[in-house]
Structure formats: structure tokens, C-alpha cells
Amino acid sequence: MFKIINKLILGKDIKRLDVEAPDIVHRFNPGQFVMVCPEKGYESIPLAIVDSDQRRNLISLIFKERGKASRRLGALPIHEEIFSISGPFGTSREPQQVGVVVCVASDVSAAQLFPMCRAYNRAGNKVIGVLGAQTKSELILEPQMRIVCHRLLLCTKDGTYQRRGTVMEIVKEIFDQENVSLVYSIGDTSM
């Protein structure tokens, strides 16, 4: 029922799966998530829907292999079926035109941020994206974010790509340069 059609390795322990999910693909909105259980007996994990292809009934999920369930999900081969995917869950609001929107994420949270950046862009906002990670190999979705953001700023904590620092340092600089109307951020507690 939830067949894996494509699988990509995006970075260190970070994978993308394109999965057939005809009942979900037509009902989700940016900002919503699904609960994914890789096999019977495993716990379900919440994952954001990064992208969709309604014509082919596909949803795209990006995750970092951290626990037992996410490692098992990452080990499933192409054409294998995922035990269950339920959802979409979460409250979704249609982004409005508000002006300058700063969208900020660190690490694999960029997967959750991407659909919101696209939605705010489509609503007519100037979208400034800020992505950060520990290292360059953990920085994901740069090409996709460049398409949906008017400007994209990148940083790594170890300085291996673009600039050394944190996303919050960049956000402070943006506030000095722009008349920011909204900040949409996703990340760890340090943010």
C-alpha cells in the first residue's frame, strides 16, 4: 500500500524516500506531517511531508536515522512497502501575503521548512531562507531552497561551507537589514 518508489541519500545518515500514498497526497497542506511505522512491531515516527506529486500519488519524506524505527525505515529497499503511514496531522493555515518572511531551520529540519517557504513565496512574500548545520554534509535541500527563496543564507558550525556560525547570528543580521514581518523557524532548542 505504501510502496517506496525512490530512495536518496542526502547526507550523513539523512535519507529521502518517495512513497506511494494516494489517500494522503491529495489531502495534505504545507506544515502538516504523517506518522510512519516502517514495520510491524516498530514505533511510529512523525515526519514532515516535504514534497508531493499528485499525478503519480507520491509523497516525499526526509529524515535522519537516529533511533531504531528511523534506522529501519532507512534500511528498507526500493519497491518495499512501509507498514503504515497515517495522517496528515497538524493544523494548517494558508500563508498570507505579509511582506518579508524569514524562514529558518537547522539540520534536517530543513525538510519541514521547505514546503512552508514555497507556500509563503506563492502567497507573494519576499522569502529569505536561512539554513544551518553542523557540517556541510548535513546541510540539505540547498538547490530546492534557492528556487523558493528570494535570498538564501547558509552556515555551518564548523565553517566547512559558506560561513561559520549559527542560524540565529544570521537572523540577527537580517533584522538589521530588512523590515521583517514574520519569522518561521524550525529547529532544536538552541534556536
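Residues numbered from 1 in each chain as written. Predicted model: local features only at pLDDT ≥ 70, side-chain atom pairs only at ≥ 80, totals over all residues. Heavy atoms only, no water.

Participant: Any chance you could explain the sheet that holds strand β12 (residues 180-186) here in plain terms?
Facilitator: The strands making up a sheet are joined through hydrogen bonds of the backbone, oriented either antiparallel or parallel. Read from one edge to the other, the open sheet built from five strands follows the order β11-β10-β9-β8-β12, with strand pairing classed as parallel. Looking along the sheet, the strands with just one partner apiece sit at the ends: β11 (163-164) and β12. Looking at chain direction, strand β9 (residues 126-133) and strand β10 (residues 151-156) are connected through six bridges and run parallel. Among the inter-strand pairings, A133 is bridged to a residue of β10, identified as T156. Packed on one face of the sheet, helix α3 (residues 110-122) meets β8 (100-106), β9 and β12 and runs near 170° to β8. (Pairing = 2+ DSSP bridges. Helix = DSSP H or I, 4+ residues; strand = E, 2+ residues; numbered from the N terminus. Contact = heavy atoms within 4.5 Å. Axes fitted to C-alpha atoms, helices over the stretch in contact; angles between N-to-C directions.)

Participant: Which parts of the structure should I look at to understand the nonpolar core?
Facilitator: Soluble globular proteins tend to pack their nonpolar side chains together in the buried interior. Core analysis: the biggest nonpolar cluster contains 27 residues, and I62, L113, C117, L131, I140, L141 and M145 have the highest contact counts within it. Listed by contribution, the elements that provide at least two residues to this core are β8, α3, β9, α4 (142-148) and β10. Top element by residues in this core is α3. It accounts for seven residues. Apart from the residues within four sequence positions on either side, C117 is in contact with C103, V127, M145, V148 and C149. Membership of the second largest hydrophobic core comes to 21 residues, among which are F2, I24, L61 and I85. (Core = buried A, V, L, I, M, F, W, Y, C linked by side-chain atoms within 4.5 Å. Buried < 20%, exposed > 50% of the residue type's maximum accessible area, 1.4 Å probe, protein only.)

Participant: Would you mind showing me how to read the packing of aromatic side chains here?
Facilitator: One pair of aromatic rings is described through two measures. These are the centre distance and the angle between the planes. Here the structure, examined in full by the defined rule, presents two aromatic pairs. Judged by centre distance (5.8 Å) and plane angle (40°), the ring pair of F33 and F89 falls under tilted. Highlighted residues: F33 in strand β3 (residues 33-37) and F89 in strand β7 (residues 84-89), separated in sequence by 56 residues. Centre to centre, the rings of Y120 and Y184 are 6.2 Å apart; their planes meet at 55°, and the pair counts as tilted. Taken together, the residues span a long stretch of sequence, with Y120 in helix α3 and Y184 in strand β12 at a distance of 64 residues. When its relative accessible area of 6% is taken as the criterion, Y120 is described as buried. (Phe/Tyr/Trp six-rings, centres within 6.5 Å; stacked < 30°, edge-to-face > 60°.)

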